[in-house]
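For reference, the chains in residue letters:
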Amino acid sequence: MIEILSPSELPRAQETGALVADILQTMKSRATVGTNLLDIDAWTKAMILEAGAESCYVDYAPSFGRGPFGHYICTGVNDAVLHGLPHDYTLADGDLLSLDLAVLKGGVAADSAISFIVGESKPAESVALIDTTERALAAGIAAAGPGARIGDLSHAIGTVLSEAGYEINTEFGGHGIGSTMHQDPHISNTGRPGRGYKLRPGLLLALEPWIMADTAELVTDDDGWTLRSATGCRTAHSEHTIAITDHGAEILTLPR
């Protein structure tokens with residue numbers, strides 16, 4: 001299913017996107033050395049409920065997970081790159097933490113992810129991973145606009161990732177979003193320009209480049225959800241929800 005929002009619905013998407021960005025930035029500020037992942041999940045729950053919004057994750061039970069997810073935010077540490085199930089883990093100096101959040105408010109969902117390093121240590125490999133995903137995300141957004149095709153976005157993202165020397169996994173990628181979290185079209189993190197669905201004003205997309213330092217192979221944790229690098233290497237993940245407008249792409253999940 002591909003949904004197209006009317007101009008009157010865009011303010012609701014903007015409101016949801018601002019909420020997601022606000023929660024993620026609050027969790028980033030609170031994710032210090034000694035913070036437990038379960039506390040981050042509890043704080044996220046409180047902010048979602050206080051805003052009168054709904055979690056897209058608590059009851060989420062897709063075929064690839066051991067559902068329902070049962071938590072309010074994805075927390076991936078170091079080698080955990082996607083669908084990180086919050087658990088009893090205390091953050092340490094130098095940990096690379098990825099937070100992924102999707103919320104529904106006013107009938108419209110927004111989805112975003114950030115990766116950052118906890119504490120004072122800044123391992124060079126981790127800095128490079130995060131920088132690459134952020135640059136790839138920016139390239140994908142720059143390629144988006146009315147008349148562009150999904151392949152243009154995928155190609156822009158994949159070019160940055162591959163030129164930085166990373167292998168690209170195509171099992172998971174970006175997606176359409178609207179009244180539900182995951183919709184068509186699928187947006188691979190690599191692709192051929194000029195191919196795929198043509199973008200139209202009113203379309204919402206979640207772009208999400210993610211990489212692993214030395215592999216493209218994923219393994220599933222014993223919790224049935226958390227996806228880790230097969231080699232145990234570090235990982236990073238960046239994501240924004242954008243709205244296609246008459247003039248290009250509006251980022252809905254930018255921090256205010």
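Reading the values: the criteria
Residues numbered from 1 in each chain as written. Predicted model: local features only at pLDDT ≥ 70, side-chain atom pairs only at ≥ 80, totals over all residues. Heavy atoms only, no water. Salt bridge = Lys/Arg side-chain N within 4 Å of Asp/Glu carboxyl O. Helix = DSSP H or I, 4+ residues; strand = E, 2+ residues; numbered from the N terminus. Buried < 20%, exposed > 50% of the residue type's maximum accessible area, 1.4 Å probe, protein only. UniProt positions renumbered as here; feature names shortened; annotations may be inferred. Contact = heavy atoms within 4.5 Å. Polar contact = N/O pair within 3.5 Å; in protein donor to acceptor, adjacent residues only side chain to side chain. Pairing = 2+ DSSP bridges. Axes fitted to C-alpha atoms, helices over the stretch in contact; angles between N-to-C directions. Phe/Tyr/Trp six-rings, centres within 6.5 Å; stacked < 30°, edge-to-face > 60°. Lys NZ or Arg CZ within 6 Å of the ring centre and 35° of its normal. Disulfide = S-S within 2.5 Å.

1. Describing the pattern of salt bridges
- Within the structure shown, the criterion is met by six salt bridges.
- Where R228 meets D79, a salt bridge forms, and the shortest distance between an N and an O atom there is 2.8 Å. With R228 in strand β11 (residues 227-229) and D79 in the loop between β2 (74-77) and β3 (80-82), the pair connects residues that are 149 residues apart, well separated along the chain.
- The exposure class of D79 is buried, given its relative accessible area of 18%.
- Put simply, R135 and D131 hold a salt bridge, and the shortest N to O gap is 2.9 Å. Taken together, the residues R135 and D131, both in helix α3 (residues 124-142) and four residues apart, mark about one turn of the helix.
- D131 gets classed as partly exposed once you look at its relative accessible area, which sits at 37%.
- Shared partners join several salt bridges into a network, and the residues in it are D79, D221 and R228.

2. Observations concerning the UniProt feature "binding site: substrate" (unreviewed entry) in the protein
- Taken from the UniProt record, the annotation "binding site: substrate" (unreviewed entry) applies to H83 and H182. In sequence the annotated residues extend across 100 residues, while in space they remain close, none of their C-alpha pairs exceeding 13.8 Å.
- In this structure H83 touches F64, F69, C74, F172, W225, T226 and L227, once residues within four positions along its chain are discounted.
- With respect to the secondary-structure elements, H182 resides in the loop between β6 (174-176) and β7 (183-187).
- Excluding anything up to four places from it in sequence, H182 contacts Y60, D111, H175 and G176.
- A polar contact of 2.8 Å, which involves the side chain of H182, links it to the side chain of Y60.

3. Considering the sheet that holds strand β8 (residues 204-207)
- Pairing in this open sheet of five strands is antiparallel, and the strands run β7-β6-β8-β13-β14 from one edge to the other. Only two strands of the sheet have a single neighbouring strand rather than two, namely β7 and β14 (248-251). Across this sheet, the average inter-strand angle for adjacent strands is 30 degrees, counted without regard to direction.
- Of the strand pairs in this sheet, β6 and β7 are connected by three bridges, and their pairing is antiparallel.

4. Observations regarding the UniProt feature "domain: Peptidase M24" (unreviewed entry) in the protein
- In this numbering, the UniProt entry assigns the feature "domain: Peptidase M24" (unreviewed entry) to residues 14-246.
- End C-alpha to end C-alpha, residues 14-246 measures 16 Å, and it is 27% helix and 25% strand.

5. Examining the packing of aromatic side chains
- Per the stated rule, a full pass over the model turns up six aromatic pairs.
- Both rings, one in Y57 and one in F69, keep their centres 5.8 Å apart while their planes meet at 65 degrees; by these two values the pair is edge-to-face. Remark: F69 occurs in the loop between β1 (54-55) and β2 and Y57 occurs in the loop between β1 and β2; sequence separation between them is twelve residues. Exposure class is identical for Y57 and F69. Each is buried.
- Here F64 and W225 contribute two aromatic rings whose centre-to-centre distance is 6.2 Å and whose plane-to-plane angle is 85 degrees, an arrangement assigned as edge-to-face. Of the two residues, F64 sits in the loop between β1 and β2 while W225 sits in the loop between β10 (218-220) and β11, which places them 161 residues apart along the sequence.
- Through a chain of ring-to-ring contacts, the aromatic side chains of Y57, Y60, F64, F69, F172 and W225 assemble into a single cluster.
- Here R30 stacks its cationic end above the ring of W43, 5.2 Å away from the centre of that ring.

6. Some remarks on the sheet that holds β11
- Reading across from one edge, β3-β11-β10 is the order of the three strands in this open sheet, with antiparallel pairing throughout. Where the open sheet ends on each side, the last strands, each with one partner, are β3 and β10. Averaged over all pairs of adjacent strands, the angle between strand axes in this sheet comes to 45 degrees, irrespective of strand direction.
- In the sheet, β10 pairs with β11 via three bridges, with the strands oriented antiparallel.

7. Here we look at the state of the cysteines
- This structure, assessed with the given rule, holds zero disulfides.
- Looking at the unpaired C56, the closest cysteine sulfur is the one in C74, lying at 11 Å.
- We classify C56 as buried; its relative accessible area is 16%.
- Residue C233 stays outside any disulfide, its sulfur separated by 19 Å from that of C74, the closest cysteine.
- Among the residues examined, C233 registers a relative accessible area of 9% and is labelled buried.

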